[in-house]
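Spelled out, the chains give:
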Amino acid sequence: MTTKTQSFEVLARWADTKARTGRIHTPHGFVDTPVFAPVGTQGSVKTLLSEDLERLNTQLILGNTYHLYLRPGVEIIKKAGGLHRFMSWNGAILTDSGGYQVFSMESLRRISEEGVEFRSHIDGSLHFLSPEKAIEIQLALGSDIVMCFDECAPYPCTEEHAKRALETTTRWAKRCKEAFDKNEPLSQPETGRGRLLYGITQGSIFPVLRKESTEQLLELDFPGYAIGGLSVGEPQAAMHEMIALSTELLPEDKPRYLMGVGTPEDLWEAVGMGIDQFDCVLPTRNGRNGQLFTSVGKINIKNAPYKEDLTPPDPACDCEVCARYSRAYLHHLFRSGELSALRLASLHNVSFLIKLMRKIRLSITAGTFLQEKNKFIQTYSGQGD
């Protein structure tokens, strides 16, 4: 049975799990969920072109407020007509608020109630980012899905530290919502084509704090919710526990976004727990280091066994890399320091995850989610490098 709000509709559910398919409506078209968004931190998915992503039928990419604010600067992007035109991308864009980047640079920033003062990692210049400023920048970039400015607690941290961070996150979320509502006159929520502001829950791996954070943000009634502060070094079991707890509390009729998660195994698991959106640097970062996702597990193409292996990188894959090139050729490119190695490996990995999400969506619709999940995990987990 389909359920729908102005900007999101649930299209199908798989009864034995919380897995579901849906559709997010944005000013730059709809996004089918569950969806994986490649990370284009600086207005570019590293080594790839916008036309590459179009050929893969990518519907959503991620840009980063912190990095784009520092370089090339918001005014240049505004002059170009927004981030979509600047990078020649016609699909939807989600922008991270920059909170994670700022808080990860502990030696370069100072937190106050008003926001965060930090020094640029590029030239050491001093800057200040507040909840209002983070919203202002994202709206100027032309983001379709805007993220609240939050405080991401590190792992490990004390319960006291995690509680302070979530309380700050809630206060900043209120300010973000006020700034968004005041400065977003082009939004058309009644038609489902307006830009969307997501709240971000925190609480580290403490169940009571996760519950508290989620309940506080639900009172603000955001059109979507992200689960933040995970995939930062905590045990996988703890991450899964926090995801399950969060999806129990988050509303059925709004998208749920698990930030920073992107291994194939975690995508299957989290979809089964009711997650709709993902992003991660993994496919391009791993690709640039020579690690490829394949149907039989991860392989490091730089390893010696692939020097004379003339089979495709993944014989079960029909992406343009596997259709044309061999493992031996990619091994040669990496060993020779050729820049094309980085591009081809990244292209294959992004393609792998985009197609995996399509497969997951089809399995939910067909009622075969658990069978397909078990088949994938069994094949993927034991036969790579």
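Here the structure is shown first, and the text comes after it.
Residues numbered from 1 in each chain as written. Predicted model: local features only at pLDDT ≥ 70, side-chain atom pairs only at ≥ 80, totals over all residues. Heavy atoms only, no water.

**A word on the nonpolar core**
Part 1 of the argument: Ile 135, Phe 222, Leu 258, Val 271, Phe 278, Ile 360 and Phe 369 are the most contacted members of the largest nonpolar core, which totals 85 residues.
Part 2 of the argument: Broken down by element, the residue count for this core peaks at twelve residues, all from helix α14 (residues 339–366).
Part 3 of the argument: In contact with Phe 222, not counting residues within four places along its chain, are Cys 148, Ala 173, Lys 177, Leu 197, Tyr 198, Gly 199, Leu 217 and Lys 254.
Part 4 of the argument: Formed by 19 residues, the second largest nonpolar core is a distinct cluster that contains Leu 60, Leu 94, Ile 145 and Ile 200. (Core = buried A, V, L, I, M, F, W, Y, C linked by side-chain atoms within 4.5 Å. Buried < 20%, exposed > 50% of the residue type's maximum accessible area, 1.4 Å probe, protein only. Helix = DSSP H or I, 4+ residues; strand = E, 2+ residues; numbered from the N terminus. Contact = heavy atoms within 4.5 Å.)

**Observations concerning the environment of Thr 247**
Part 1 of the argument: Tracing the chain through its elements places Thr 247 in helix α9 (residues 236–249).
Part 2 of the argument: Overall, Thr 247 belongs to the buried group, its relative accessible area being 4%.
Part 3 of the argument: For the pair formed by Thr 247 and Thr 214, sequence separation is 33 residues and the distance between their alpha carbons is 9.7 Å.
Part 4 of the argument: Ignoring anything within four residues of it in the chain, the contact list for Thr 247 reads Lys 18, Arg 256, Met 273, Gly 274 and Ile 275.

**Digging into the packing of aromatic side chains**
Part 1 of the argument: One pass over the structure, following the stated rule, counts ten aromatic pairs.
Part 2 of the argument: Between the aromatic rings of Trp 268 and Phe 369, the centroid separation amounts to 5.5 Å while the plane-to-plane angle is 45 degrees, which identifies the pairing as tilted. Here Phe 369 lies in helix α15 (residues 369–382) and Trp 268 lies in helix α10 (residues 264–272), a separation of 101 residues in the sequence.
Part 3 of the argument: Accessibility expressed as a relative area gives 0% for Trp 268, which makes it buried.
Part 4 of the argument: Consider the rings of Phe 376 and Tyr 380, whose centres lie 5.1 Å apart with planes at 15 degrees: the pair is stacked. In this pair, Phe 376 and Tyr 380 both sit in helix α15, four residues apart, roughly one turn of the helix. (Phe/Tyr/Trp six-rings, centres within 6.5 Å; stacked < 30°, edge-to-face > 60°.)

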